[in-house]
Structures are given as structure tokens and as C-alpha cells.
Amino acid sequence: MARKKIMAGNWKMHKTVGESVTLVEQLREALAEVTGREILVCPPFTALYAVAQALQGSNIQVGAQNLYPAEQGAYTGETSPKMILDVGCSHVILGHSERRQYFQESDQFVNEKLKAALGYGLKPVLCVGETLEQRGEGRQKTVVSFQVERGLQSIPAEAMKDVAVAYEPIWAIGTGHTATPQQADEMHATIRNNLSGLYGDAVAQDVCILYGGSVKPGNVDELMAQPEMDGALVGGASLDAESFVRIVKFQS
Ligand code: PEP
């Protein structure tokens, strides 16, 4: 089965409800004719409902940027998978490096979140990636393989059709320093190999592996031309309609 490219925007902590709706109205119109690619936007929690409403019946899906792995309860300030599903999301980004770095999220916690997402029928995008220091020491493959294996612990093979992995080298996120297409492709092949070890080749071949880290209109074509690139997770450049439209409409 050929993997369908997933072009996803992570808006992080940007945009009010009004700004979010304006952006997705522009995207909806400009991307209406796009077929054969999955398009996903991940606004902040406060805008999820309004964005999902504005995108009803369109070819653009909506994802959250995090969840707490419980259905409900005394977890002040947290958001459950049931609530995320309820506002119209199909996806959720998990284990983003900013959450690992600023909120001390461990692989084990990310794994719990993955299980919770899948338990509610949400499709998780599991983010992994090494620091500049780890790459400098030549440990990028070991670090990322560990994150993949721990993040997917006890996730059964049949659930993997709903899981995507995003390789996001931390040194490339928001820095303007994109991984070269070869560096990214090499890491994607490593991740595919990890998946193959965990689930066998047939399952591994169907999992989408996205690249994230300073993807822009000017570099997306070259990145997406690599054989192991199954899409992009885009931060800064997804906040502007013209730029994200060009990224989604990459040419390869
Ligand atoms: C991200 O937030 O996942 C990301 C890749 O950000 P940027 O595109 O801004 O580097």
C-alpha cells in the first residue's frame, strides 16, 4: 500500500479563535482541490472547536497538540482524549520536543498518552528527535530509536495503521537550520528499521514518517522528494496561509 503524504501544521501557542478561523477559511478555499494528500492543522486548544466547525465537510483535518491520558478527573488544567474527540479532532501530536524539554515529558508518559489517544480513536503523531549535542556525539540513531521503541511500547501492530511518527531534530525546530534531505532520509530509514523490528516489514512499510524542522516553501520540494519522506510537520511556516498552502502543494 502506498503511503499517503500527511502535511501537518503545528500552530503551537499562536492565534486567537478569530485569527484561527480566518486562517482556516483561507486554507479551506486554497486547498479545496488538493487530493491524494492528508492535510492537518493543529491549533491551540482554545481554537479547536471553532476550527473544526469552520472545516466541516472540507479536506482538512484537525488535531490537538497534546492530551492528558485519562478520560476525566481531578487534573486541573488538562484536557482528555474524550474532550479532544468531542470538539472534532481526528489527530493529536504527542511527545513534541517542546513538551519533552519544557514540561519534562518522559518516553513512558508519552507512551501512556499514545495508548489513551488510540483508545479513543484519535490518531497520534509521535514526535522524536535528537539534540544538537547528541548529533555531535554521533548518537542520533540510538537516541531516536530509543524514543521510538519506548514511545510505542505495548502498542499492538493492528493499531499502527493510525500512528504516524514525526522525526524532528531539535536543532532544526524554529531555528531556520533544516536537516539536509539526506540527513532526514537517513533518520527516517532508521525509524522504519525500528518499526520493522517491532512489527515486521509489512506493518512498518505502511507507517507514515513525517519530517519536521524549519520546513518552508523554499525547501519543501527537495525534502519531499526523498524516498522515505511521508510528509511534514510544520511549525512557523504553517501560521501563514500562503506559506502553508505552498508547502501542502509541494512539487516532487
Ligand atoms: C514544530 O513545531 O514541530 C516545528 C517543526 O517547527 P518549525 O517548523 O517552526 O521548525
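Scroll up to find the structure this text is about.
This report concerns the structure included in the present document. (Residues numbered from 1 in each chain as written. Predicted model: local features only at pLDDT ≥ 70, side-chain atom pairs only at ≥ 80, totals over all residues. Heavy atoms only, no water.)

Focus on the overall build of the protein chain
The helix and strand tally for the protein chain stands at 11 helices and 8 strands. For the protein chain, whose C-alpha radius of gyration is 17 Å, the value lies close to the compact-globule estimate of 18 Å for 252 residues. If you line up the protein chain on its principal axes, its C-alpha atoms span 45 × 45 × 35 Å. Counting over 252 residues, the protein chain shows a buried share of 52%. (Helix = DSSP H or I, 4+ residues; strand = E, 2+ residues; numbered from the N terminus. Rg over C-alpha atoms; globule rule 2.2 N^0.38 Å. Buried < 20%, exposed > 50% of the residue type's maximum accessible area, 1.4 Å probe, protein only.)

Thoughts on the sheet that holds strand β3 (residues 60-64)
An order of β1-β2-β3-β4-β5-β6-β7-β8 is seen for the 8 strands of this closed barrel, with the pairing classed as parallel. Across the sheet, the mean angle separating the axes of adjacent strands is 25° when strand polarity is ignored. (Pairing = 2+ DSSP bridges. Axes fitted to C-alpha atoms, helices over the stretch in contact; angles between N-to-C directions.)

Comments concerning the site of the ligand
Near the ligand lie 14 residues; those nearest to it are K12, E168, G174, S214 and G235. A distance of 2.8 Å is found between an oxygen atom of the ligand and a backbone nitrogen or oxygen belonging to S214. Contacts to the ligand include G235, whose backbone N or O atom sits 2.8 Å from an oxygen atom. With the chains in place, 97% of the 290 Å² that the ligand exposes on its own is no longer accessible. (Near = heavy atom within 4 Å. Polar contact = N/O pair within 3.5 Å; in protein donor to acceptor, adjacent residues only side chain to side chain. Areas by Shrake-Rupley, 256 points an atom, 1.4 Å probe, with all protein chains shown as cover.)

Things to note about the packing of aromatic side chains
Counting across every chain of the model gives 3 aromatic pairs. Aromatic pair Y68 and F109: ring centres 6.1 Å apart, planes at 65°, arrangement edge-to-face. In this pair, Y68 is assigned in the loop between β3 and α3 (81-86) and F109 in helix α5 (residues 107-119), connecting sequence segments 41 residues apart. Judged by centre distance (6.3 Å) and plane angle (50°), the ring pair of Y167 and Y211 falls under tilted. Placement of the pair is Y167 in strand β6 (residues 164-167) and Y211 in strand β7 (residues 208-212), with a sequence separation of 44 residues. Neither Y167 nor Y211 differs from the other in exposure class; each is buried. Among the aromatic side chains, those forming a connected cluster through ring pairs are Y68, Y75 and F109. Looking at R37, its charged tip hangs above the ring of F250, at a distance of 3.7 Å from the centre. We note R99 situated over the ring of F103; from NZ or CZ to the ring centre the distance is 4.2 Å. (Phe/Tyr/Trp six-rings, centres within 6.5 Å; stacked < 30°, edge-to-face > 60°. Lys NZ or Arg CZ within 6 Å of the ring centre and 35° of its normal.)

Details of the pattern of salt bridges
Counting across every chain of the model gives 13 salt bridges. Taking the shortest distance from any N to any O, the salt bridge between E71 and K82 comes out at 3.5 Å. With E71 in the loop between β3 and α3 and K82 in helix α3, the pair connects residues that are 11 residues apart, well separated along the chain. The shortest N-O distance in the salt bridge between D107 and R100 comes to 2.7 Å. Residues D107 and R100 agree in their burial class; the two are buried. One network of salt bridges, in which partners are shared, links R3, R192, E228 and D230. (Salt bridge = Lys/Arg side-chain N within 4 Å of Asp/Glu carboxyl O.)

Some thoughts on the pairing of strand β1 (residues 5-10)
The element β1 is extensively covered by neighbouring structure, given that 5 of its 6 residues are classed as buried. Bridge analysis of β1 against strand β2 (residues 37-42) gives 6 bridges, and the strand direction is parallel. Residue pairing across strands places A8 opposite L40, the latter belonging to β2. Viewed along the sheet, the connection from β1 through helix α1 (residues 17-30) into β2 turns out right-handed. Where β1 and strand β8 (residues 231-234) come together, 4 bridges link them in parallel fashion. Paired with M7 across the strands is A232, a residue of β8. (Right-handed = clockwise from strand over helix to strand, strands pointing away.)

Worth remembering: the numbers are spatial, not functional.
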